[in-house]
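Below are the chains, spelled out letter by letter.
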Amino acid sequence: MRRLHLELTRIIERDPYVATVGSVFGSNIGSTSNTGRFFIGLKPHDQREASAIQIVNRLRPQLAKVEGVVLYLQPAQDITVGGRIARAAFQYTLQDSNVAELAEWSKKMLDKMRTLPQIVDAASDLLSNAPQLKISINRDQASRFGISAQAIDDTLNDAYGQRQITQYFTQLNTYWIILEILPELQSSLESLDRLYVKSPLTGAAVPLSAVVDADSYKVGPLSINHQGQFPASTLSFNLRAGVALGEAVDAITGAARDIGMPNSVIGTFQGNAQAFQSSLSSEPALVAAALVVVYIILGMLYESFIHPLTILSTLPSAGIGALLALNLGHMDLSVIGIIGIILLIGIVKKNGIMLVDFAIVAERERNLSPVVAIREACLLRFRPILMTTAAALLAGLPMMFGHGTGSEMRRPLGYSMVGGLALSQLLTLYTTPVVYLYLARLQAWMQRGTQRRAPRAEAASAIAAE
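Residues numbered from 1 in each chain as written. Predicted model: local features only at pLDDT ≥ 70, side-chain atom pairs only at ≥ 80, totals over all residues. Heavy atoms only, no water.

### Brief notes about empty space enclosed by the protein
Let me state the cut-off plainly: Within this scheme a cavity is a closed region of a 1 Å grid, computed over the protein atoms alone, that accommodates a 1.4 Å probe without allowing it to escape, whereas a pocket is open but has protein on both sides within 12 Å along at least five of seven lines; lining residues each have an atom within 4 Å of a point. Grid points are joined across faces, edges and corners, and a volume is the space filled by probe spheres set on the points. Nonpolar residues are Ala, Val, Leu, Ile, Met, Phe, Trp, Tyr, Cys and Pro. Charged residues are Asp, Glu, Lys and Arg, and all others, Gly as well, are polar.
Tallying each qualifying case throughout the model produces one cavity of 30 Å³ or more. Estimated volume of the largest cavity: approximately 30 Å³. What lines the largest cavity is simply V56, R60, L63, L71 and L73. Partitioning the lining of the largest cavity into residue classes produces four nonpolar, no polar and one charged.

Here it is, written out as structure tokens:
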């Protein structure tokens, strides 16, 4: 492990954009002794021309040339939701009460994931092919010497279990005394010939190899992780360049269905992938709820069921503009991009509010026709609409074109704001008056129908009274 770590470190250090490299391996990091972790620090943005993911893609083929070890690289995430330590950025976990069945289907799922074009660096934390040493007690032979199974178990624990037998106290510190055989003897089966168990019948020392049978040809899991009290295997993966997380989630879900995974094996996404699934399932309901609340508030404000729709008609153009800007900027619809779209709901609808509010007041207080009222609103509110939109749009430009540390997180917000405001400003100046006039005609038609029904109802009630 030390030799392989040094070889990997030398390859990483040769990259011109890498500033620092640190690594740790062994069971002291909360994992098995044959695994380790690297911590790579990159140079500041103004001293390099490549992003973190580009550096990872450049190092991946060089590191793959080292035999006997596999290093999985992933950029540090600005937002992690329930993410766990894994070999890649995203995780897909399989759970099953049967460890053998879990190992079988985990391997099949891993092999299938490695064939998917949407993901790279597919790996599993279930190391099911680790060599094992199985020791069985020969009870017939042990009974001849009167040796109990507990005595054999205690002898093995003393030799290999790092048993703490006492404490050594000094004036400054306390030290545990650990009983074990020499490290050079722990890796050979010949050490069983040099371990002895005292026979209660004869008092003689019996070699441990005489009362046990050793089988070194077994393989099994090196460690078994648990989730929700069930054995679990986590399959981690990274996204291929230009692939969105939603595409990878759909591909993995389809792969689990294609291999015919049984119902006893439960597969769920964890960490950021799980948060992505949850957000997709609840996002339409949240947006719809927000629009309903806005409609109710505007309806109460203007005492109308129709004209709040004029204000809400400005929102589709803002959403389309935000998505087009993100697409032109080669960015995914991330959490920050969704935040920008939600922010647009509050910024963009003020254009419609400024026009509709003026037109409704002009109709009610000065008895103007809808055409004259909305035309006067467009003339008088054109300047403040442009001023407020320009102020919000210019505030998003630094985030859109900014560079430096953390700019990857802020840029989707700038793109969604600038794109949504620009397109909505171009369209709503022309569409909002048209929508207002058509809805005003609809409202007048509905009122005329109500007035025609009212006299008929009065006449019918008079005839009934006669």
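### What about the nonpolar core?
Generally speaking, soluble globular proteins have nonpolar side chains that are buried together. As a reminder, the rule being used: We call a set of buried Ala, Val, Leu, Ile, Met, Phe, Trp, Tyr and Cys residues a nonpolar core when their side-chain atoms join them within 4.5 Å. Throughout, exposure labels follow a simple rule: accessible area from a 1.4 Å probe, protein chains only, divided by the maximum for the residue type, with under 20% read as buried, over 50% as exposed, and the rest as partly exposed. Going along the chain from the N terminus, every DSSP run of H or I of four or more residues is numbered as a helix, and every run of E of two or more is numbered as a strand. Between two residues, a contact is recorded if the distance between any of their heavy atoms is within 4.5 Å.
Formed by 26 residues in total, the largest nonpolar core has its most connected members in Y92, L94, M109, M113, F237 and I252. Mapped by element, the contributors of at least two residues to this core are β3 (90-95), α3 (99-113), β4 (119-124), β12 (230-239) and α6 (245-258). The leading source of residues in this core is α6, at seven residues. Once residues lying within four places of it in the same chain are set aside, the contact partners of M113 are I119, A122, L235, F237 and I252.

### Side note on the packing of α3 against α6
Selection rule: What counts as an axis is a line fitted to C-alpha atoms, over the stretch in contact for a helix, and the angles between N-to-C directions run from 0 to 180 degrees. If an angle is under 35 degrees, it is roughly parallel; if it is over 145, roughly antiparallel; if it lies from 65 to 115, roughly perpendicular; otherwise it is oblique. Left-handed is the label given to a crossing in which the near helix is rotated counterclockwise from the far helix by less than a right angle, and right-handed is the label when the rotation is clockwise.
Where α3 contacts α6, the axes come no closer than 10 Å and their chain directions differ by 130 degrees. Relative to α6, the element α3 is oriented oblique. α3 and α6 meet at a crossing whose hand is right-handed. Residue-level contacts link M109, K112 and M113 of α3 to I252, A255, A256 and D258 of α6. Class assignment for the residues of the contact of α3 with α6 results in five nonpolar, no polar and two charged.

### Topic: the packing of helix α10 (residues 335-366) against helix α11 (residues 370-401)
At a minimum axis distance of 8 Å, the contact between α10 and α11 shows a crossing angle of 150 degrees. Considered as vectors, α10 and α11 are oriented roughly antiparallel to each other. As α10 runs across α11, the sense of the crossing is right-handed.

### Comments concerning a nonpolar patch on the surface
Selection criterion: Here the term patch refers to residues with relative accessible area over 30% and no salt bridge, with like charges joined within 9 Å and nonpolar side chains (Val, Leu, Ile, Met, Phe, Trp, Tyr) within 5 Å. All accessible-area figures derive from a Shrake-Rupley calculation using a 1.4 Å probe, and residue coverage is judged against the displayed protein chains alone. The term salt bridge refers to a side-chain nitrogen of Lys or Arg lying within 4 Å of a carboxyl oxygen of Asp or Glu.
On the surface, I165, Y168, Y175, I177 and L179 cluster together to form a nonpolar patch covering roughly 470 Å² of accessible area. Among the secondary structure elements, those contributing two or more residues to the nonpolar patch are β6 (163-169) and β7 (174-179).

### Quick word on the pairing of β3
Spelled out, the test is: Here, a strand pair is defined by DSSP locating no fewer than two bridges between the strands.
The buried fraction of β3 amounts to six of the six residues, a majority that puts the element mostly inside the structure. Both β3 and β12 contribute to a ladder of six bridges, which runs antiparallel. For L94, the partnering residue across the bridge sits in β12 and is S233. Pairing geometry for β3 and strand β13 (residues 266-270), over five bridges, is antiparallel. Pairing of T93 across the sheet is with T268, part of β13.

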